[in-house]
Amino acid sequence: MAQERALVFGTTAEAYDAARPTYPQALVDTVLAYAGGASAGGAVTGSLRAVEFGAGTGKATAVFGGRGLPVLAVEPDPRMAEVLRRKVAALPHVEIEVSCFEQWQPGGRRFDLAYAAQAWHWLDPETRRDRVFDMLAPGGALALFWNLLGIVDPVVHRELAAVDTAYGAGILRVTGLASDFDGEIESTEENGWAGWEFGADERFTDQRSVRLRNGVARRGADSWLAAVATYSGVQIMEPERRAEFLAELRSCLDAHGGFLDIAWFTDLFVARRVPAGAGA
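Presented here is an overview of the structure given in this document. Note that this is a predicted model, so its numbers are computed, not measured.

About the cut-offs
Residues numbered from 1 in each chain as written. Predicted model: local features only at pLDDT ≥ 70, side-chain atom pairs only at ≥ 80, totals over all residues. Heavy atoms only, no water. Core = buried A, V, L, I, M, F, W, Y, C linked by side-chain atoms within 4.5 Å. Buried < 20%, exposed > 50% of the residue type's maximum accessible area, 1.4 Å probe, protein only. Helix = DSSP H or I, 4+ residues; strand = E, 2+ residues; numbered from the N terminus. Contact = heavy atoms within 4.5 Å. Phe/Tyr/Trp six-rings, centres within 6.5 Å; stacked < 30°, edge-to-face > 60°. Lys NZ or Arg CZ within 6 Å of the ring centre and 35° of its normal. Expected span 1.5 Å × (residues − 1). Arc of directions from axis to C-beta. Polar contact = N/O pair within 3.5 Å; in protein donor to acceptor, adjacent residues only side chain to side chain.

**Thoughts on the nonpolar core**
No. 1: Counting 30 residues, the largest nonpolar core has Leu-27, Phe-64, Leu-69, Leu-113, Tyr-115, Ala-143 and Phe-145 as the members making the most contacts within it.
No. 2: When residues of this core are traced back to their parent elements, those giving at least two are α3 (25-35), α4 (59-65), β2 (71-75), β4 (111-117), β5 (136-151) and β8 (259-273).
No. 3: In terms of residues, this core owes the most to one element, α3, which gives six residues.
No. 4: The contact partners of Leu-27, leaving out residues within four places of it in the chain, are Phe-64, Phe-145, Leu-212, Thr-266 and Leu-268.
No. 5: Core analysis: the next-biggest nonpolar cluster, separate from the first, contains 26 residues, Val-51, Ala-114, Ala-119 and Ala-271 among them.

As structure tokens, this is what we get:
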């Protein structure tokens, strides 16, 4: 069921690409510095080679590949991959393979960096750590990250949350209350943070969780609702119910001026495969 729901994004690949946010350059700086491949704001140094799984339409592929990083982007949905292919056409060091992560074979290749943008939770939890371990070179880095949006006004958030709960869409898991992100990342089994999953795995060391705060932007109702319409919990609704849900969200926004002030966060988890001779 998770795999089927993950592939629903391809039904609206162009809309997904247009509505979803990119990833900040500070994220690229942080990941490349951890992986040993670049100085802040600069191009990739050394011979770092990366694999991205669940690449989607290339939101992360473009910003990492734009630094000159050789990336092999693995994406299961041909419709998403087609948008990705157009986006990185000018980056000859980016390759694309269309395959599910669980079926993809590295073919003896080992990578210095493996990363997933907004995709780790869609992968098979029984096998994903083993597969990542196998594709990383000893000492290679893993980076998992998600964009999160926080609604600044608590009254607006409360009203939108009531609509979301009534329809069971789950959009406020990724569009929460901005003040809830004031602290550092909490790692619990309930919130599904990757640090909880990797914490007891001795094959991965130097584990860190980082929250990047990317500022606040004002978004109009049309822009925000276009993004909401791309979330899986909304896409799987029956068309009539989806239209009703989006209309109720719009009514709420219209009652508060027709816009939202949104704080943008990027949460990052990094870990390193144990170097050769240092453990499993």
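**Remarks on the packing of aromatic side chains**
Working definition: an aromatic ring pair is given by the centre-to-centre distance plus the angle between the planes.
No. 1: Scanning the entire structure with this criterion turns up 15 aromatic pairs.
No. 2: Their ring planes at 80° and their centres at 5.2 Å tell us that Tyr-23 and Phe-145 sit as a pair that is edge-to-face. In this pair, Tyr-23 sits in the loop between α2 (13-19) and α3 while Phe-145 sits in strand β5, placing the two residues 122 residues apart along the sequence. Note on accessibility: Tyr-23 and Phe-145 belong to one class, buried.
No. 3: On the numbers, 4.5 Å between centres and 25° between planes, the contact of Phe-64 with Tyr-115 is stacked. Here Phe-64, found in helix α4, pairs with Tyr-115, found in strand β4; they are 51 residues apart in sequence, far enough to count as distant. The exposure classification of Phe-64 matches that of Tyr-115, with both residues buried.
No. 4: Through successive ring pairs, a cluster of aromatic residues spans Phe-53, Phe-101, Trp-120, Phe-133, Trp-146, Trp-193, Phe-198, Phe-204 and Phe-269.
No. 5: Here the guanidinium or amino end of Arg-131 rests over the ring plane of Phe-101, the centre of that ring lying 5.2 Å away.

**Section: helix α7 (residues 154-167)**
Given 3.6 residues per turn, any residue in an α-helix points the same way as the ones three and four places further on.
No. 1: Under the 1.5 Å per step criterion, the end-to-end length of α7 is 20 Å for 14 residues, consistent within 8% with the ideal 20 Å.
No. 2: Taken together, the buried positions of α7 are occupied by Val-156, His-157, Leu-160, Ala-161, Val-163, Asp-164 and Tyr-167. All buried residues of α7 lie within an arc of 165° about the axis, which places them on one face of the element. Exposed residues pointing more than 90 degrees away from the buried face of α7 are listed as Arg-158, Thr-165 and Ala-166.
No. 3: Residues of α7 that are buried make contact with β5, β6 (175-177), α9 (221-228), α11 (239-254) and β8.
No. 4: Residue Asp-153 occupies the N-cap position of α7, its side-chain oxygen lying 2.8 Å from the main-chain nitrogen of Val-155.
No. 5: Backbone geometry just downstream of α7 places Gly-168 in the positive-phi region, at approximately 65°.

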